[in-house]
Each structure stands twice: as structure tokens, then as C-alpha cells.
Amino acid sequence: MDPVPDDPERDWTAPGVYEVMPGLYRIPLPMPSDGLRAVNVYAVRDGDALVLVDSGWVVPEALDVMQQALRALDADPGRISRILVTHVHRDHYTLAVRLRRDHPSIRVGLGIGERPSLRVVQSSPPDRPGGLRDQLTLCGAAALAKELSEVSVHHDTSEWEDPDDWLEAPSTVDLATASWQAHPTPGHTRGHLVFVDADRDVMFCGDHVLPRITPSIGFEPVPAESPLRDYLDSLNLVRALPDRRLLPAHGHVGPSVHARVDELIEHHDVRLRDTFDALAGTAFETAQRLRWTRRGRAFDELDLLSRCLAVTETAAHLDVLAGTGRLDRTENDGVRYYRVT
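Keep in mind the model is a prediction, meaning the values are calculated, not measured.

Draft legend 1. Structural view of the pairing of strand S7 (residues 107-111). Taken across its 5 residues, S7 has 4 buried, putting it largely inside the fold. Sheet topology places strand S6 (residues 80-85) next to S7; 4 bridges connect them, and they run parallel. Opposite Arg82, over in S7, you have Arg107 as the bridge partner. Of the pairings in the sheet, the one linking S7 to strand S8 (residues 165-167) comprises 3 bridges and is parallel in character. Its bridge partner lying in S8, Gly109 is registered against Asp165.

Right under this line is the structure:
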């Protein structure tokens, strides 16, 4: 495996080391049983060391590709000085824990807003790694929560450890040869961060801004009160910053953060209108009336996880509509209901 120039025509998930620009490389690492198939880890030369943005999912195949990629860069894990993680989802965080365990000189940084969710996954029993079932029940999807409970879930609490640095944002992240800016972008998760390398004119966007898909909202053990409201505010925050080259966690590198942010804002404007028009009492009932994915699939055509995410996504949109006064929101017997004001 040798570094090659990054090519937007190439399958972005293909294993390799892709030079985005001198000293900055994209390394797609495989993900198990996941529709996204890969996550981009970015390696940046910082003097004699490497800084990683995100780390990958701690599975043997990802660790193997990472080791091959480091060798292609004439390095090894001991040359990694820092891993800056955009958010606490396992495909971004758990390989960082493993690398640091094997090489204690590595410092891992994570947004402080991720602390509540990390505490939950550190203490959850193996068959209940998060609060998704509780969210589904609140959304009126008790049957879906029951179906989810019957699925075998791998959850090893040893994969989850605290970072070395809880990162506040906005803040400056000082490296050996550069200073980056960390900006708070809650929505996808409560503590999501993006990192700006102004000298290279790039933004490491994690899952906040993705080039082809819209990220899930509030899919975490301890969701915010209104994760979609947070997400839209975060999009506006990024839109107000200078435009940069888009370095996403999933998909090809893009020429403009702003252009994609504009598309995402427009998408959610349309989705809010569609959700209002489809209103049917609970988030679960409303989700069944909507179409999903770019292919416009019916709710029942989705796999189990996608149906769960569809319900929580619908709830996020309904909560924004309730926050603007267009809907009333009430709870009865542990289920949340919505009606037009």
C-alpha cells in the first residue's frame, strides 16, 4: 500500500492511503455490518509525529488497514501524538482507545459534551448498550423497541475509556507545528466537534456535514432536548465561518463546506414541511407516512435499524415544529403525542 492522490472518481471506501494535499492523508477504514461500509480517518503530519482526526471502529480488519496505512506513511502507531475525535460513536472513537492502550504516549481528545453518553456506554450491561429502546417507547414505537430487544447486541465496556483531554469549544488546539480551531457542532451528538486547519484551508467535519447523506440526529444514549434544533443551529454556525474544503467522515472530500451546508438546510426545511403534513399523533405513526432515503422508500421497506432511526428522526422534526408553536406536544402513559395548535 503506497500513498496515491485522492481521486473523487474512485470508490471512497476502497482501502488505501489517499493524499488530499501535502502532509494530509485520507485513510478509509472498514466498518462491520454497516451500510456506510467505511469511515475516513485523516492523518496529518505534525513535525515528526502524526495527528489523527477520528480513529475508526475497533475491529481486527480496521486495525490491520490502519497499520498498513501507517507503514505506507513511514510511521507506526508510536508516531501518533494525538487523536482528535469529532464525536463518541464507536466508528470514530473506539479504535483510538485501543491504539492508546497499546501506545500510552498517544493523547486522545473528545468534546466534553460527549461525557454523559460515554458514561452510559461505560456502565451499560451487554444487552442494553444505550437508550434507543427508551426513545422508541416514548415515540409510540413499543413494538419496534421489543423487536430491537430481541436482536443480539455486541457491547464490550472495555472498548470505552475516558479521553485524555475533554475538549471545550470554541477553542484553540495547539499542535507541534500548527494551531487548529475546534468548533461546537451539537446535533448528530451532543458533543460533536469540527476542527479547522486554517493554514490548509480545510474543515474536518466528522458526521456534521456529509457530502451525500444527511446524518442521523440525536442517535446517542443521552440525547439533547431538541437535537434537530441544535443541529440546525450548528449548520448556521459553520455557515457563518469562512468557507473551507470539506473533509467528511463518510464520503469523498468536497470543495466547499458552505455549498453542502446550504443543501442540508434546504433538505430539513422540506422535511419539516413534509413531517407537518404527515402528522399522525406519535412520531412512530408519522414516520410510517413519510418516505425514506434518496430512493423514497416506504417505512416498512427499511431494515430494523433504519426504521428505528426513522422514528427518532421524525421525533426530532416534530419537536422542532412544537418548539416553533406549530404543534402542541403532550405525554400520556410514557408516550409523546403531537397535534396541530
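Draft legend 2. Spotlight on the sheet that holds S6. The mixed open sheet is built from 8 strands, whose spatial order is S1-S2-S3-S4-S5-S6-S7-S8. One side of each edge strand has no neighbouring strand; the edge strands of this open sheet are strand S1 (4-5) and S8. Where strand S2 (residues 18-21) meets strand S3 (residues 24-30), 3 bridges bridge the pair, whose relative direction is antiparallel. In the strand pairing of S3, Tyr18 is matched with Arg26. The strands that helix H1 (residues 60-72) touches are S3, strand S4 (38-46), strand S5 (49-53) and S6; relative to S3, the one it contacts most, it runs at about 155 degrees.

How each quantity is defined
- The numbering scheme is per chain: residues are counted from 1 as the chain's sequence reads.
- Only residues with pLDDT of at least 70 get local features here, since the model is predicted, and only at 80 or more are side-chain atom pairs given and counted; chain-wide, interface and lining totals rely on the full set of residues.
- Computation of side-chain values covers all heavy atoms of the structure but excludes hydrogens and water.
- Type-normalised accessible area, obtained with a 1.4 Å probe on protein chains alone, sets the label of each residue: buried when under 20%, exposed when over 50%, and partly exposed for intermediate values.
- Secondary structure elements follow DSSP: runs of H or I of four or more residues count as helices, runs of E of two or more count as strands, with numbering from the N terminus.
- For two strands to count as paired, DSSP must find a minimum of two bridges between them.
- Residue contacts are counted whenever heavy atoms from the two residues lie within 4.5 Å of one another.
- Note on geometry: axes are lines fitted to C-alpha atoms, helical ones only across the stretch in contact, with angles between N-to-C directions running from 0 to 180 degrees.

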